[in-house]
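Secondary and tertiary structure notes
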Amino acid sequence: MAQVIQPISPAAVDELAALRLELADTSTVVLAEELPRMDLAEQALRFRLLPKDRALAVFEELDTVHQQELIDGLKTDTVRELLDSMEADDRAKLFDEMPAKVATRFQSQLNAADRRTTAQLLGYDPESAGRIMTPDFVSLRASMTAAAAIERIRHLRERPRHLDVLPVTDGHRKLLGTVTLADLVSADPDTLVNHLIADEHYQVSTDTDQEHAARLIQEANLNALSVVDHEDRLVGLITWDDAMEVLEAEDTEDAARAGAAEPLERPYLSAGVFMLARSRAVWLLILAVSASLTVTVLNYYESYLANVTVLAVFVSLLTGTGGNSGSQASVTIIRAMAVGEVRFSDAFKITWRESRVGFLLGAMLALVGGPIVALVYGPDIGLIIAVTLLVICTWSTFVGSLLPLVAKKVGIDPALVSAPMVSTLCDATGLLIYFSIAALVLGPALTG
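Residues numbered from 1 in each chain as written. Predicted model: local features only at pLDDT ≥ 70, side-chain atom pairs only at ≥ 80, totals over all residues. Heavy atoms only, no water.

The name given to the chain in an unreviewed UniProt entry is Magnesium transporter MgtE, with the source organism recorded as Glycomyces lechevalierae. Quoted verbatim from the Subunit (unreviewed entry) field of the UniProt record, the comment on the chain reads "Homodimer." One UniProt comment on the chain, placed under Sequence similarities (unreviewed entry), says "Belongs to the SLC41A transporter family." (UniProt positions renumbered as here; feature names shortened; annotations may be inferred.)

Structure follows, in structure tokens:
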């Protein structure tokens, strides 16, 4: 018996028409933010109602995790069209996050050229500039005239999205520099491209760290950065939008580690409770073990607390102050290192500067807190607290500024010795400073 196809009701047609109008009035960025909040069927329905070009723009705005989820709800033909239309670097990024079997299956469905360029990008180190470059670019010969160059661009079969920066090469693909499309259009038609090359030229190799490349784009205000192989032959461009994604990911990673957690590998709402707990558990255990130093110091000076019990009142105040001042210095230096403002060779300048900052902060706290404590608990205790605040702040800012520099020098991510670790270390050493000063001031009264 032939299957009877039920007609779509007028109400359903009206609903789809209203939904199309709603989607047309919603910006690409908002759609990319809202789609992942819907269930998979709802995502797929809205996505299919988008025009082809708009759908691709929305898809490229999604995180790779959400791209994978959406792919699961789309038909194979739609997925193939999306993958064919994506830029090579975005496609490689998506494949890199997919299960190997799924990525291989989709990659085999690409045309030969796209399959080759995708495989090339996936062959580079995941943290390298080669992994995030786009091999889709227009290069010009130095011997061309401006008119010939514009004519070449005009008659391209497939025009890359990024045409504002055009690399210039010699007859052997060796990179000579770049010209901007604006300079090319405004130049005399007979001017050689070689004469339009920008005075300042920046390039990186395929194995350059991608964060370094992204920082260079940011600091030099570049729209695109040329990438060359080991023989200085042009192989791709890193565009500013990809650079900003790298910097966002690096800043997210640093922020997570500054809070004593491992960075999540996916957006927060897509991470399960177990994943969230796992990202924090290791560091929580490390900090708990580190905090045992504080317990050990307190046990060692237990007799001091027994003889002069008032000293116990200020333990939390002093350790907290030391930890906070050390954390402030640590976060400041880590950020300065991240944006290239300081390096290990500046260690003496940095520690000397931060020590003086800590001294001033300690002096301020001592002048405020010392007299108040003296009025309540007596001049000896007031003196101990004032001097301890001064020394602890100076010492903690010194430690907080030095540890990230040392970590970077020995190849450890400075964020790993960030605020929580510095705070824990300063707690233990702060207690040593506190009880040592108390022993000097109180003498026999403390030890007897």
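The next point concerns the overall build of the chain. In terms of regular secondary structure, the chain is built from 21 helices and six strands. For 448 residues, the compact-globule formula gives about 22 Å, and the C-alpha radius of gyration of the chain, at 30 Å, lies well above that figure. Counting only C-alpha atoms and orienting by the principal axes, one finds that the chain spans roughly 95 × 70 × 40 Å. Evaluated residue by residue, the chain yields a buried proportion of 44% over its 448 residues. Put simply, of all contacts in the chain between residues at least 6 apart along the chain, 67% involve residues at least 24 apart. (Helix = DSSP H or I, 4+ residues; strand = E, 2+ residues; numbered from the N terminus. Rg over C-alpha atoms; globule rule 2.2 N^0.38 Å. Buried < 20%, exposed > 50% of the residue type's maximum accessible area, 1.4 Å probe, protein only. Contact = heavy atoms within 4.5 Å.)

Right, let's talk about the sheet that holds strand E1 (residues 140-141) for a bit. If you trace the three strands from one edge of the open sheet to the other, you get E1-E2-E3, paired in mixed fashion. Only two strands of the sheet have a single partner each, and these edge strands are E1 and strand E3 (175-180). Pairing between E1 and strand E2 (residues 165-169): two bridges, direction parallel. What sits directly across from Arg141, in E2, is Thr169. (Pairing = 2+ DSSP bridges.)

Next up on the list: the sheet that holds strand E6 (residues 234-239). For sheets, the rule is that strands pair by backbone hydrogen bonds, running either parallel or antiparallel. Overall, mixed pairing links the three strands, which are arranged E4-E5-E6 in an open sheet. At either margin of the open sheet sits one strand with a lone partner, and together these are strand E4 (203-205) and E6. Averaged over all pairs of adjacent strands, the angle between their axes in this sheet comes to 35°, without regard to strand direction. Relative to strand E5 (residues 224-228), E4 is paired through three bridges, and the arrangement is parallel. (Axes fitted to C-alpha atoms, helices over the stretch in contact; angles between N-to-C directions.)

Taking 1.5 Å of rise per residue, 24 residues should cover 34 Å, and helix H17 (residues 315-338) covers 34 Å from first to last C-alpha, within 8% of that figure. Backbone geometry just after H17 places Gly340 at a positive phi near 80°. (Expected span 1.5 Å × (residues − 1).)

The next subject is the UniProt feature "domain: CBS" (unreviewed entry) in the chain. Residues given the UniProt feature "domain: CBS" (unreviewed entry) here are residues 133-200 and 204-253. Between the end C-alpha atoms of residues 204-253 there is a gap of 23 Å, over a span that is 48% helix and 26% strand.

This part covers the side chain of Thr321. Residue position: Thr321 is located in helix H17. Classification of Thr321 as buried rests on a relative accessible area of 15%. The residues touching Thr321, leaving out its near neighbours within four places in the chain, are Leu365, Leu389 and Cys393.

Moving on, we get to a nonpolar patch on the surface. A grouping of Val313, Val357, Leu361, Met364, Leu365, Val368, Ile372, Leu375, Val376 and Tyr377 is seen on the molecular surface, where their side chains present a nonpolar patch of about 920 Å² in accessible area. Along the chain, the position of Tyr377 falls in helix H18 (residues 347-377). (Patch = residues over 30% accessible without salt bridge, like charges linked within 9 Å, V, L, I, M, F, W, Y side chains within 5 Å. Areas by Shrake-Rupley, 256 points an atom, 1.4 Å probe, with all protein chains shown as cover. Salt bridge = Lys/Arg side-chain N within 4 Å of Asp/Glu carboxyl O.)

Considered for burial, the residues of helix H8 (residues 100-108) that qualify are Ala103, Phe106 and Gln107. Buried positions in H8, seen along its axis, are confined to an arc of 100° and lie on one side of it. Exposed positions of H8 whose direction lies more than 90 degrees from the buried face are Lys101 and Thr104. Buried residues in H8 make contact with helix H5 (64-72), helix H6 (76-85), helix H7 (88-97) and helix H9 (112-122). (Arc of directions from axis to C-beta.)

Further remarks concern the environment of Ala41. Following the sequence through the fold, Ala41 ends up in helix H3 (residues 40-49). As for Ala41 and Lys101, which are separated by 60 residues in sequence, their C-alpha atoms are 24 Å apart.

Here we come to the confidence of the model for the chain. Averaged over every residue, the pLDDT of the chain is 82; the share at 70 or more is 91%. Per-residue pLDDT, averaged within each element of the chain, yields its smallest value for helix H21 (residues 444-447) (66) and its largest for H18 (93). Residue range residues 1-10 is modelled with pLDDT below 50. Its contacts to residues more than four positions away, or to other chains, number one contact. (pLDDT = per-residue confidence, 0-100.)

Attention now goes to the state of the cysteines. Counted by the stated rule, this structure contains zero disulfides. Distance from the sulfur of Cys393, which forms no disulfide, to the nearest cysteine sulfur (Cys426) is 10.0 Å. Residue class for Cys393 comes out buried when judged on its relative accessible area of 2%. Cys426 gets classed as buried once you look at its relative accessible area, which sits at 1%. (Disulfide = S-S within 2.5 Å.)

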